[in-house]
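Here are the chains, one letter per residue:
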Amino acid sequence: QTLIFGGSNGTSFSTLWAFGGNAGAPSWSELVSMAEVRSYAVMAFDALRGRAVLFGGVNYPGGVSTPVGDTWEWNGRYWNQQSVSSHPSARWLHMMAYDAVNHRTILFGGANSDQSEFHGDTWAWDGTGWTQIPTFGPSPRGLSAMAFDEHRGVIVLHGGRTSAGPNGEVIGDTWEFNV
């Protein structure tokens, strides 16, 4: 199945949808809503533990864009908020991918609330907590594409922007992560 969560069309959503079904007629089906309404959250599927991991995004209390820094897991039936003492700062426009070699979810970059600062930090989620990984890597950015290359056992990150808005530089570089 392919899962998507949240989104916005002027108002934020809190619904988890799955795309799948039989090969002849796959379709979208609504699974469940989360109490937390948000947009721009990212998710990755932890194949070892069979859980979708969601981090961050923004909600809009009173019409103001407010990033959140919480971690949730979807176990196929329920959302469970993870209580951890150390975690990435609240952010949105970040990237995540599951590293199937080291069995952890990797998070990189993203923006603070007003997009005036993009992050260049790397974090790993192992199912019990977040650990910041000191790396020499990509410049701070958001809105990049990131995926795990299962044949070579590396996470690949491509492109992005140095900031959102009309003055944000578009980046076209490619990085690999295998720590």
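All figures in this text were calculated on a predicted structure; none of them were measured in a lab. (Residues numbered from 1 in each chain as written. Predicted model: local features only at pLDDT ≥ 70, side-chain atom pairs only at ≥ 80, totals over all residues. Heavy atoms only, no water.)

A short note on the pattern of salt bridges
Right, on to step 1. Tallied over the entire structure, the rule returns eight salt bridges.
Right, on to step 2. The residue E73 makes a salt bridge to R49 at a minimum N-O spacing of 2.2 Å. Of this pair, E73 sits in strand β8 (residues 71-74) while R49 sits in the loop between β4 (42-46) and β5 (51-55); the two residues are 24 residues apart in sequence, bridging distant segments of the chain.
Right, on to step 3. You can call R49 partly exposed: its relative accessible area is 27%. (Salt bridge = Lys/Arg side-chain N within 4 Å of Asp/Glu carboxyl O. Helix = DSSP H or I, 4+ residues; strand = E, 2+ residues; numbered from the N terminus. Buried < 20%, exposed > 50% of the residue type's maximum accessible area, 1.4 Å probe, protein only.)

Some words on unusual backbone geometry
Right, on to step 1. Here the phi dihedral of Y40 falls at roughly 60°; this positive angle occurs in a residue that is not glycine.
Right, on to step 2. With respect to the element layout, Y40 can be found in the loop between β3 (27-38) and β4.
Right, on to step 3. On the accessibility criterion, Y40 (43% relative accessible area) is partly exposed.
Right, on to step 4. Although it is not a glycine, L143 adopts a positive phi angle of roughly 60°.
Right, on to step 5. Note that L143 resides in the loop between β13 (130-132) and β14 (145-149).

Some thoughts on the side chain of T15
Right, on to step 1. Among the secondary structure elements, T15 is positioned in strand β2 (residues 13-20).
Right, on to step 2. T15 gets classed as buried once you look at its relative accessible area, which sits at 15%.
Right, on to step 3. Residues contacting T15, with those up to four places away along its chain left out, are I4, F5, G6, E30, V32 and S33. (Contact = heavy atoms within 4.5 Å.)

What about the sheet that holds β14?
The strands making up a sheet associate through hydrogen bonds between their backbones, and the pairing can be parallel or antiparallel.
Right, on to step 1. The three strands lie next to each other as β14-β15-β16, forming an open sheet whose pairing is antiparallel. Two strands bound the open sheet, and with one partner strand each, they are β14 and β16 (170-177). Here the strands of the sheet are splayed against their neighbours by 10° on average, with no regard to which way each runs.
Right, on to step 2. Both strand β15 (residues 154-161) and β16 contribute to a ladder of six bridges, which runs antiparallel. Looking at the pairing, R161 lines up with V170 of β16. (Pairing = 2+ DSSP bridges. Axes fitted to C-alpha atoms, helices over the stretch in contact; angles between N-to-C directions.)

Focus: the sheet that holds β4
Right, on to step 1. Pairing within the open sheet is antiparallel, and its four strands lie in the order β4-β5-β8-β9. If you trace the sheet from one side to the other, it starts and ends with β4 and β9 (79-82), each paired once. Between one strand and the next, the sheet's axes are offset by a mean angle of 25°, whatever the strand orientation.
Right, on to step 2. Looking at chain direction, β4 and β5 are connected through five bridges and run antiparallel. Residue pairing across strands places V42 opposite F55, the latter belonging to β5.

Focus on the nonpolar core
Right, on to step 1. Counting ten residues, the largest nonpolar core consists of M95, A97, I106, F108, A124, I133, M146, I155, L157 and F177.
Right, on to step 2. When residues of this core are traced back to their parent elements, those giving at least two are β10 (95-99), β11 (104-108) and β15.
Right, on to step 3. Aside from chain neighbours lying at most four places away, what touches I133 is R104, I106, T122, W123, A124, F177 and V179.
Right, on to step 4. Counting nine residues, the second largest nonpolar core, distinct from the first, contains V53, F55, M96 and W123. (Core = buried A, V, L, I, M, F, W, Y, C linked by side-chain atoms within 4.5 Å.)

Describing the packing of aromatic side chains
Right, on to step 1. Inspection of every chain in the model, using the stated rule, returns seven aromatic pairs.
Right, on to step 2. Geometrically, the ring pair formed by F19 and W28 is tilted, given 5.0 Å between the ring centres and 50° between the ring planes.
Right, on to step 3. In this structure F19 comes out as partly exposed when scored by relative accessible area, which is 31%.
Right, on to step 4. On the basis of relative accessibility, which here comes to 42%, the residue W28 falls in the partly exposed class.
Right, on to step 5. Taken together, the aromatic side chains of F5, W74 and W79 make up a single cluster linked through ring pairs. (Phe/Tyr/Trp six-rings, centres within 6.5 Å; stacked < 30°, edge-to-face > 60°.)

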